[in-house]
Each structure stands twice: as C-alpha cells, then as structure tokens.
Amino acid sequence: MVKYYKHNKIIKVLTIIGSFAGFLYCLYQISSTTQITSWNEIFGFGRFVRNLIGMIIAALTLLVSFKPDDPLPWHWLLLLAFSVLLLFFSYLMGGILVLIGGVLGLIDDI
C-alpha cells in the first residue's frame, strides 16, 4: 500500500530531479575519464567504482519515486538514507534535493 503524504507531489518532484541529476553527474564523470595518468588510476579504480555505486543508488532512488512500494517502499526514512548515500557517492546538489524531500516526508508524517 502506497503511503501518500500531504506534499506528495513536491516530494516526488524533488526526488526525481535529485536522483536524475546524480545519475547524470556520475555518467558524466565516467565518460570524462580519457586517459590514465598515474599508477593510482591503474590499480585504484576508486573514481570509477564510486561513480558506479552512485549510479546504482541514483537508479534505485528513481525506481522508488516512479514505482512506489513495488520494489522498495515509498517512505521518508528510505529517502533520507538514499540522500545520504547520494551525498557521498554522487552529486552534492542531487543528494540535497532528495534530503529536502525526505525531510518534507518526515514533517508530513509527524
């Protein structure tokens, strides 16, 4: 059963814009890797893995907002968790938008 908040449309729009921005940012970061300039990039793969994890988290956040309660629940606590993960692994502004959506869901739930 889908939980409807008082500001459900605003929360959904903020979540979609934030996760889409995070997904596009990670895709841009992966595509801008043109050449290997140091040994750290050969053996580290840190930037690629971080952006790949960020893309997966952004895709899961998009899936939650487009299909609520089908794979994952539409809940403010899940939005807060995804926003923190987007802040660390993806685009800062995208994570902040999802965080604002999660806080709006928290305020509506109280």
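A brief structural summary.

Definitions and limits used
- Residues numbered from 1 in each chain as written.
- Predicted model: local features only at pLDDT ≥ 70, side-chain atom pairs only at ≥ 80, totals over all residues.
- Heavy atoms only, no water.
- Helix = DSSP H or I, 4+ residues; strand = E, 2+ residues; numbered from the N terminus.
- Buried < 20%, exposed > 50% of the residue type's maximum accessible area, 1.4 Å probe, protein only.
- Contact = heavy atoms within 4.5 Å.
- Areas by Shrake-Rupley, 256 points an atom, 1.4 Å probe, with all protein chains shown as cover.
- Core = buried A, V, L, I, M, F, W, Y, C linked by side-chain atoms within 4.5 Å.
- Expected span 1.5 Å × (residues − 1).
- Arc of directions from axis to C-beta.

A short note on the overall build of the protein
Move 1: Of regular secondary structure, the protein possesses 5 helices and 0 strands.
Move 2: Put simply, the protein runs from its N terminus to its C terminus through helices and strands in the order α-α-α-α-α.
Move 3: Taken over 110 residues, the protein has a buried fraction of 30%.
Move 4: Considering only residue pairs separated by 6 or more positions, the protein has 69% of its internal contacts joining residues 24 or more positions apart.
Move 5: As presented, the protein carries roughly 6,900 Å² of accessible surface, and 73% of it is formed by carbon and sulfur atoms.

Regarding the nonpolar core
Move 1: Tyr5, Ile11, Ile57, Ala58, Val64, Trp74, Trp76, Leu79, Leu80, Phe82, Leu86 and Val98 form the largest nonpolar core, which has 12 residues in total.
Move 2: Sorting the residues of this core by element identifies helix H3 (46–66) and helix H4 (76–89) as the ones contributing at least two each.
Move 3: Sort the elements by how many residues they give to this core and H4 lands first, with 5 residues.
Move 4: The contacts of Leu86, once residues within four sequence positions are left out, are Ser19, Gly54, Ile57, Ala58, Thr61, Tyr91, Gly94, Gly95 and Val98.

A few points about H3
For an α-helix, 3.6 residues make a turn, and residues three or four places apart therefore share a direction.
Move 1: For H3, with 21 residues, the first-to-last C-alpha span of 30 Å sits near the 30 Å given by 1.5 Å per residue.
Move 2: Taken as a whole, H3 has its buried residues at Asn51, Gly54, Met55, Ile57, Ala58, Thr61, Leu62, Val64 and Ser65.
Move 3: Those residues of H3 that are buried lie in contact with helix H1 (8–31), H4 and helix H5 (92–109).

Comments concerning the environment of Val98
Move 1: Within the element layout of this structure, Val98 appears in helix H5.
Move 2: In this structure, the C-alpha to C-alpha distance between Val98 and Ile11, residues 87 residues apart in sequence, is 8.1 Å.
Move 3: Val98 has contacts with Leu14, Thr15, Gly18, Ser19, Thr61, Leu79, Ser83 and Leu86, leaving out every residue within four places of it along the chain.

Describing the environment of Val103
Move 1: Its place among the elements puts Val103 in helix H5.
Move 2: Sequence separation between Val103 and Leu79 is 24 residues; the distance between their C-alpha atoms is 8.6 Å.

A word on H4
Move 1: Under the 1.5 Å per step criterion, the end-to-end length of H4 is 20 Å for 14 residues, consistent within 8% with the ideal 20 Å.
Move 2: Among all positions in H4, only Trp76, Leu79, Leu80, Phe82, Ser83 and Leu86 are buried. Summarising the axial view, the buried residues of H4 lie within an arc of 170 degrees, below the 170-degree limit, and thus occupy one face. Across H4 from its buried face, at more than 90 degrees, point the exposed residues Leu77 and Phe88.

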